[in-house]
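Spelled out from the first residue to the last, the chains are:
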Amino acid sequence: MPEGPSDLELRRRQFKAQMSTVQTRRQQAVCVRRAYKRYGTKSNPYVILDGLNMTVPKGAIYGLLGASGCGKTTLLNCIVGRKRLNSGELWVLGGTPGSRGSGVPGPRVGYMPQELAIYGEFTIRETLKYFGWISGMTTEQVEAKLGFLVNFLMLPDADRLVKNLSGGQQRRVSLAATLVHEPELLILDEPTVGVDPLLRQNIWDHLVEITKHGRTTVIITTHYIDETRQAHLVS
Ligand SMILES: Nc1ncnc2c1ncn2[C@@H]1O[C@H](COP(=O)(O)OP(=O)(O)OP(=O)(O)O)[C@@H](O)[C@H]1O
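Residues numbered from 1 in each chain as written. Predicted model: local features only at pLDDT ≥ 70, side-chain atom pairs only at ≥ 80, totals over all residues. Heavy atoms only, no water.

Here the focus is the pairing of strand E1 (residues 30-40). Bridge analysis of E1 against strand E2 (residues 45-56) gives 9 bridges, and the strand direction is antiparallel. Each bridged residue has a counterpart across the sheet, and for Ala 35 the counterpart in E2 is Leu 52. Inspection of the sheet shows E1 paired to strand E4 (residues 87-92) by 5 bridges, in the antiparallel sense. Note on E4: the bridge partner recorded for Cys 31 is Trp 91. (Pairing = 2+ DSSP bridges. Helix = DSSP H or I, 4+ residues; strand = E, 2+ residues; numbered from the N terminus.)

Shown next as C-alpha coordinates:
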(Lines give C-alpha, C1' and ligand atoms only; values in the text may rest on other atoms or scores of the structure.)
Protein backbone atom coordinates (compact mmCIF):
# COMPACT_ATOMS: atom_id res chain seq x y z
CA MET A 1 0.00 0.00 0.00
CA PRO A 2 1.39 3.46 -0.83
CA GLU A 3 2.33 5.45 2.26
CA GLY A 4 0.27 8.58 3.01
CA PRO A 5 1.89 11.96 3.50
CA SER A 6 3.92 12.29 6.69
CA ASP A 7 2.90 14.59 9.54
CA LEU A 8 5.66 16.94 8.51
CA GLU A 9 4.39 17.04 4.91
CA LEU A 10 0.83 17.72 6.06
CA ARG A 11 2.07 20.53 8.26
CA ARG A 12 4.09 22.04 5.39
CA ARG A 13 0.98 21.98 3.16
CA GLN A 14 -1.01 23.69 5.87
CA PHE A 15 1.65 26.39 6.16
CA LYS A 16 1.83 26.89 2.37
CA ALA A 17 -1.93 27.38 2.23
CA GLN A 18 -1.69 30.46 4.46
CA MET A 19 -1.93 33.39 2.07
CA SER A 20 -0.03 36.57 2.69
CA THR A 21 -2.85 39.10 2.96
CA VAL A 22 -2.89 41.67 5.74
CA GLN A 23 -5.60 39.64 7.42
CA THR A 24 -3.59 36.41 7.41
CA ARG A 25 -0.31 38.15 8.26
CA ARG A 26 -1.98 39.19 11.46
CA GLN A 27 -2.90 35.59 12.07
CA GLN A 28 0.70 34.38 11.83
CA ALA A 29 2.78 34.19 14.98
CA VAL A 30 5.42 36.41 13.36
CA CYS A 31 5.43 38.15 10.01
CA VAL A 32 8.32 40.29 8.83
CA ARG A 33 8.26 42.18 5.53
CA ARG A 34 11.06 44.16 3.86
CA ALA A 35 12.92 44.51 7.14
CA TYR A 36 15.78 46.99 7.13
CA LYS A 37 17.99 47.44 10.14
CA ARG A 38 21.29 49.22 10.42
CA TYR A 39 23.66 50.18 13.17
CA GLY A 40 25.91 53.21 12.89
CA THR A 41 24.72 56.48 11.47
CA LYS A 42 22.65 57.31 8.40
CA SER A 43 25.75 58.63 6.64
CA ASN A 44 27.91 55.73 7.79
CA PRO A 45 25.49 52.80 8.08
CA TYR A 46 26.35 49.26 9.04
CA VAL A 47 23.48 47.38 7.40
CA ILE A 48 22.45 44.18 9.21
CA LEU A 49 19.05 43.34 7.68
CA ASP A 50 18.11 44.46 4.19
CA GLY A 51 14.80 43.41 2.64
CA LEU A 52 14.29 40.46 4.97
CA ASN A 53 10.96 38.59 4.79
CA MET A 54 9.99 35.94 7.29
CA THR A 55 6.71 34.16 8.04
CA VAL A 56 6.35 32.04 11.13
CA PRO A 57 2.99 30.22 11.27
CA LYS A 58 1.39 29.57 14.62
CA GLY A 59 2.47 26.23 16.04
CA ALA A 60 5.70 26.05 14.04
CA ILE A 61 9.24 25.47 15.20
CA TYR A 62 11.21 27.92 13.11
CA GLY A 63 14.96 27.31 13.04
CA LEU A 64 17.15 30.29 12.29
CA LEU A 65 20.56 29.27 11.04
CA GLY A 66 23.28 31.67 10.08
CA ALA A 67 26.93 32.52 10.39
CA SER A 68 28.03 34.31 13.52
CA GLY A 69 27.36 38.02 13.17
CA CYS A 70 24.80 37.76 10.34
CA GLY A 71 22.09 39.41 12.42
CA LYS A 72 20.05 36.64 14.06
CA THR A 73 20.12 38.22 17.52
CA THR A 74 19.32 41.63 16.06
CA LEU A 75 16.26 40.18 14.34
CA LEU A 76 15.11 38.44 17.53
CA ASN A 77 15.57 41.66 19.49
CA CYS A 78 13.30 43.44 17.01
CA ILE A 79 10.70 40.66 17.29
CA VAL A 80 10.56 40.91 21.09
CA GLY A 81 10.46 44.72 20.99
CA ARG A 82 13.91 45.38 22.47
CA LYS A 83 15.07 47.00 19.22
CA ARG A 84 13.24 48.67 16.34
CA LEU A 85 13.58 48.16 12.62
CA ASN A 86 14.64 51.27 10.67
CA SER A 87 12.00 50.37 8.10
CA GLY A 88 9.77 47.48 7.10
CA GLU A 89 6.80 45.79 8.69
CA LEU A 90 6.73 43.53 11.70
CA TRP A 91 3.75 41.76 13.23
CA VAL A 92 4.11 39.60 16.30
CA LEU A 93 1.05 37.71 17.59
CA GLY A 94 -1.17 39.98 15.56
CA GLY A 95 0.24 43.32 16.77
CA THR A 96 3.27 45.56 16.53
CA PRO A 97 5.90 44.90 19.22
CA GLY A 98 6.04 47.72 21.71
CA SER A 99 2.59 49.09 20.82
CA ARG A 100 -0.15 49.39 23.41
CA GLY A 101 -2.20 46.27 23.86
CA SER A 102 0.10 44.07 21.77
CA GLY A 103 1.30 42.18 24.84
CA VAL A 104 4.80 42.20 23.33
CA PRO A 105 7.12 42.47 25.18
CA GLY A 106 5.20 40.79 27.98
CA PRO A 107 3.98 37.44 29.22
CA ARG A 108 2.81 36.31 25.77
CA VAL A 109 6.44 35.97 24.74
CA GLY A 110 9.26 34.06 26.39
CA TYR A 111 12.73 35.20 25.38
CA MET A 112 15.93 33.44 26.25
CA PRO A 113 18.78 35.76 25.28
CA GLN A 114 22.33 34.60 24.65
CA GLU A 115 23.64 36.60 27.56
CA LEU A 116 22.54 35.44 31.01
CA ALA A 117 19.69 37.51 32.43
CA ILE A 118 19.20 35.75 35.76
CA TYR A 119 20.34 36.66 39.27
CA GLY A 120 23.24 34.87 40.93
CA GLU A 121 21.87 35.52 44.41
CA PHE A 122 18.62 33.66 43.70
CA THR A 123 18.23 29.92 43.99
CA ILE A 124 16.83 27.98 41.03
CA ARG A 125 13.45 27.85 42.80
CA GLU A 126 13.46 31.61 43.47
CA THR A 127 14.44 32.31 39.87
CA LEU A 128 11.49 30.34 38.53
CA LYS A 129 9.14 31.94 41.05
CA TYR A 130 10.37 35.39 40.09
CA PHE A 131 9.85 34.83 36.36
CA GLY A 132 6.57 33.00 36.98
CA TRP A 133 5.22 35.81 39.18
CA ILE A 134 6.03 38.58 36.71
CA SER A 135 4.12 36.58 34.12
CA GLY A 136 1.07 36.33 36.38
CA MET A 137 1.56 32.82 37.80
CA THR A 138 0.82 31.91 41.40
CA THR A 139 3.45 30.31 43.64
CA GLU A 140 1.48 27.04 43.50
CA GLN A 141 1.50 27.07 39.71
CA VAL A 142 5.27 27.61 39.66
CA GLU A 143 5.85 24.89 42.25
CA ALA A 144 3.77 22.49 40.16
CA LYS A 145 6.07 22.99 37.18
CA LEU A 146 9.36 23.22 39.04
CA GLY A 147 10.00 19.48 39.44
CA PHE A 148 9.34 18.79 35.77
CA LEU A 149 11.66 21.57 34.57
CA VAL A 150 14.47 20.65 36.98
CA ASN A 151 14.20 17.03 35.88
CA PHE A 152 14.03 17.45 32.17
CA LEU A 153 16.77 20.09 32.08
CA MET A 154 18.92 17.92 34.38
CA LEU A 155 19.36 20.72 36.90
CA PRO A 156 20.74 20.16 40.40
CA ASP A 157 18.76 20.72 43.61
CA ALA A 158 16.31 23.61 43.19
CA ASP A 159 17.59 25.26 46.38
CA ARG A 160 21.11 25.76 45.00
CA LEU A 161 22.17 29.34 44.35
CA VAL A 162 22.47 30.25 40.68
CA LYS A 163 25.91 31.80 41.22
CA ASN A 164 27.26 28.43 42.39
CA LEU A 165 26.14 26.60 39.24
CA SER A 166 28.27 25.89 36.18
CA GLY A 167 27.88 28.11 33.11
CA GLY A 168 25.90 25.38 31.31
CA GLN A 169 23.60 24.88 34.30
CA GLN A 170 23.01 28.64 34.53
CA ARG A 171 21.98 28.73 30.87
CA ARG A 172 19.54 25.89 31.53
CA VAL A 173 18.05 27.82 34.46
CA SER A 174 17.61 30.70 32.02
CA LEU A 175 15.81 28.31 29.64
CA ALA A 176 13.62 27.01 32.48
CA ALA A 177 12.71 30.61 33.38
CA THR A 178 11.62 31.17 29.78
CA LEU A 179 9.53 27.99 29.68
CA VAL A 180 7.89 28.19 33.11
CA HIS A 181 4.86 30.32 32.16
CA GLU A 182 4.20 28.54 28.85
CA PRO A 183 4.18 31.63 26.62
CA GLU A 184 2.47 31.63 23.22
CA LEU A 185 5.73 32.53 21.49
CA LEU A 186 9.10 31.20 22.60
CA ILE A 187 12.20 32.88 21.27
CA LEU A 188 15.36 31.00 22.07
CA ASP A 189 18.75 32.39 21.12
CA GLU A 190 21.12 29.42 20.97
CA PRO A 191 19.63 27.51 23.91
CA THR A 192 21.61 24.36 23.12
CA VAL A 193 25.08 25.83 22.83
CA GLY A 194 27.47 23.72 24.92
CA VAL A 195 24.69 21.30 25.86
CA ASP A 196 25.43 17.56 25.72
CA PRO A 197 23.62 15.48 23.04
CA LEU A 198 21.19 13.74 25.43
CA LEU A 199 20.00 17.00 26.91
CA ARG A 200 19.84 18.63 23.46
CA GLN A 201 17.50 15.83 22.42
CA ASN A 202 15.39 16.38 25.58
CA ILE A 203 15.09 20.06 24.77
CA TRP A 204 14.08 19.41 21.16
CA ASP A 205 11.59 16.70 22.19
CA HIS A 206 10.03 19.20 24.57
CA LEU A 207 9.78 21.84 21.84
CA VAL A 208 8.12 19.32 19.50
CA GLU A 209 5.67 18.38 22.28
CA ILE A 210 4.61 21.94 23.17
CA THR A 211 4.12 22.97 19.53
CA LYS A 212 2.14 19.83 18.64
CA HIS A 213 -1.29 21.36 19.22
CA GLY A 214 -0.51 24.73 17.68
CA ARG A 215 -0.77 26.70 20.93
CA THR A 216 2.95 27.48 21.14
CA THR A 217 5.29 28.76 18.44
CA VAL A 218 9.06 28.55 18.71
CA ILE A 219 11.79 30.54 17.00
CA ILE A 220 15.18 29.10 17.75
CA THR A 221 18.68 30.00 16.61
CA THR A 222 21.37 27.40 16.52
CA HIS A 223 24.76 26.74 15.02
CA TYR A 224 24.10 22.99 14.83
CA ILE A 225 22.65 22.23 11.40
CA ASP A 226 21.78 18.64 12.40
CA GLU A 227 19.46 19.93 15.15
CA THR A 228 17.19 21.70 12.73
CA ARG A 229 15.87 18.45 11.25
CA GLN A 230 13.22 18.63 13.97
CA ALA A 231 12.22 22.16 13.01
CA HIS A 232 9.19 22.59 10.73
CA LEU A 233 10.79 25.49 8.89
CA VAL A 234 14.43 26.54 8.59
CA SER A 235 15.92 29.69 7.19
N1 LIG B 1 24.44 47.72 19.23
C2 LIG B 1 25.22 47.46 18.19
N3 LIG B 1 25.92 48.45 17.59
C4 LIG B 1 26.70 48.20 16.52
N5 LIG B 1 26.85 46.99 15.95
C6 LIG B 1 26.16 45.96 16.51
C7 LIG B 1 25.33 46.14 17.65
N8 LIG B 1 24.79 44.94 17.96
C9 LIG B 1 25.27 44.06 17.07
N10 LIG B 1 26.10 44.67 16.21
C11 LIG B 1 26.79 44.04 15.06
O12 LIG B 1 25.78 43.58 14.17
C13 LIG B 1 26.15 42.32 13.61
C14 LIG B 1 25.03 41.32 13.87
O15 LIG B 1 25.02 41.02 15.25
P16 LIG B 1 24.05 39.92 15.86
O17 LIG B 1 24.35 39.82 17.31
O18 LIG B 1 22.67 40.23 15.46
O19 LIG B 1 24.55 38.62 15.07
P20 LIG B 1 24.23 37.06 15.28
O21 LIG B 1 23.90 36.51 13.93
O22 LIG B 1 23.23 36.88 16.33
O23 LIG B 1 25.62 36.50 15.77
P24 LIG B 1 25.96 35.24 16.73
O25 LIG B 1 25.51 34.01 16.00
O26 LIG B 1 27.44 35.31 16.88
O27 LIG B 1 25.23 35.46 18.00
C28 LIG B 1 27.48 41.94 14.22
O29 LIG B 1 28.48 42.23 13.31
C30 LIG B 1 27.58 42.80 15.46
O31 LIG B 1 28.92 43.12 15.72
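Having seen the structure, we can now continue with the description.
Right, let's get into the site of the ligand. Taken together, 14 residues sit near the ligand, with Ser 68, Lys 72, Thr 73, Thr 74 and Gln 114 positioned nearest. At 2.7 Å from an oxygen atom of the ligand is found a side-chain nitrogen or oxygen belonging to Lys 72. Secondary-structure elements contributing two or more residues to the shell around the ligand are E2 and helix H3 (72-79). Considering every element that reaches the shell around the ligand, the biggest residue donor is H3, with 3 residues. Residues belonging to the shell around the ligand are distributed by class as follows: 5 nonpolar, 7 polar and 2 charged. (Near = heavy atom within 4 Å. Polar contact = N/O pair within 3.5 Å; in protein donor to acceptor, adjacent residues only side chain to side chain. Nonpolar A, V, L, I, M, F, W, Y, C, P; charged D, E, K, R; others polar.)

Another aspect to go through is the pattern of salt bridges. It is possible for side chains bearing opposite charge to pair when their charged atoms get close. This structure, assessed with the given rule, holds 11 salt bridges. Lys 163 is the partner of Glu 121 in a salt bridge, and the nearest nitrogen-oxygen pair spans 3.4 Å. Placement of the pair is Glu 121 in the loop between strand E5 (109-112) and helix H4 (124-134) and Lys 163 in the loop between helix H5 (139-152) and helix H6 (167-179), with a sequence separation of 42 residues. Residue class for Glu 121 comes out exposed when judged on its relative accessible area of 55%. Residues Glu 143 and Arg 125 are paired through a salt bridge, measuring 2.9 Å at the closest nitrogen-oxygen approach. Separated by 18 residues along the polypeptide, Glu 143 in helix H5 and Arg 125 in helix H4 bring together distant segments of the chain. In this structure Arg 125 comes out as partly exposed when scored by relative accessible area, which is 22%. (Salt bridge = Lys/Arg side-chain N within 4 Å of Asp/Glu carboxyl O. Buried < 20%, exposed > 50% of the residue type's maximum accessible area, 1.4 Å probe, protein only.)

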